[in-house]
Each structure stands twice: as structure tokens, then as C-alpha cells.
Amino acid sequence: MINVKRLMLPKVPPNIIDEVHNSIRDGINRAWEGDRAQYKLDQYSWIPGNSAVQSWCSENICPDIYFGIQVITANLPIHRDIETEVKFNYVIDSGGDLPETSFYTDEHELIESIVLQPHIWHILNVHKFHDVKNVTPGKTRISIVGRITP
Ligand SMILES: [Fe+2]
């Protein structure tokens, strides 16, 4: 199975980007537990998208999945997401010049690394071990994410 694939889906318009920032500001139901991943860290949070974000993503990207906002403030260690097989990811703010997403074998040997370009939809195989490096201290990496569960 592939690890990461670029999708030819519509760009998120500026008014919905504003609603993403509003969702982060309002921050209701903020989850700190690392996306049901194998770690608990405060450099990761997942915030539900507000109704404007949900309806735009539902109409333009995929009607069947729930979209949230992922906020990362530092590098993430190698982990795999639990209860999520594949994740839609649309980077809004990179959180640095060249933050890199890498995928690993079960033995933690590097398979491939990619710098996800902002404002492009990707799907990621988050059931594979992966990490994020080169997040610049003091910067924030923000993505819209949608989970596909088994
Ligand atoms: Fe992850």
C-alpha cells in the first residue's frame, strides 16, 4: 500500500481558512491525547472543525467523514495512529520552512520522506509508523484532517 498520495481535490477557499482559525481560537473539545496515537504529548492537538468547515469539506471533499483541525507545535516522534487507517491532510500553515513527514517499517527503518506542500490535499497511510521533523520552534503547523477508520 502507498504511504502518501497527492489528491486532485479543490483548494480550500480563504473564507473557510478563516473559519479554521476561528475553530482553533474557540478550541472547543480540544483533544490533547495525540490523535489516539501511541503517545501523549502536548505538542499535538486535534480540534473539531466548526460547522462552516464541516459543511464545506462535506460538500467538496468527502461527505462521509468528519473533519477536524490538527495543530502541531513541535516535532512528533515515530508513532502510528490507532483506529485510523488513512487520513486526509490539507496543510494550511507548514510550521517552518521544510517540515518533513517520514514513513518507517515496523522496525523503524526509513522508507520515505516528503515535505507536504501547503494547500494541497493528500492522503496518508497513518497505520504505518511515521513522524514529523523540522517543525520550527515557536511556529505552528496547522492542517485540516479527515480520518478514515477501518
Ligand atoms: Fe500520526
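The structure we're discussing is the one just above.
This write-up is about the structure you can find in this document. Remember, predicted model here, so these are calculated numbers, not experimental data. (Residues numbered from 1 in each chain as written. Predicted model: local features only at pLDDT ≥ 70, side-chain atom pairs only at ≥ 80, totals over all residues.)

Within the sequence span of helix H2 (residues 51–60), burial applies to Val53, Trp56 and Cys57. Down the axis, H2 shows its buried residues gathered within 95 degrees of arc, on one side only. For H2, exposure combined with an orientation more than 90 degrees from the buried face picks out Ser51 and Glu59. Of the surrounding secondary structure, the elements contacted by the buried residues of H2 are helix H1 (14–26), strand S3 (67–72) and strand S10 (141–148). (Buried ≥ 20, exposed ≤ 12 C-beta atoms within 10 Å, placed from the backbone. Helix = DSSP H or I, 4+ residues; strand = E, 2+ residues; numbered from the N terminus. Arc of directions from axis to C-beta. Contact = placed C-beta atoms within 7 Å.)

This paragraph deals with the pairing of S10. The element S10 is extensively covered by neighbouring structure, given that 6 of its 8 residues are classed as buried. Pairing analysis gives 6 bridges linking S3 to S10, with the strands arranged antiparallel. Paired with Phe67 across the bridge in S10 is Gly146. Here strand S5 (residues 86–93) pairs with S10 via 7 bridges, running antiparallel. Across the sheet, residue Tyr90 finds its bridge partner in S10, namely Ile144. (Pairing = 2+ DSSP bridges.)

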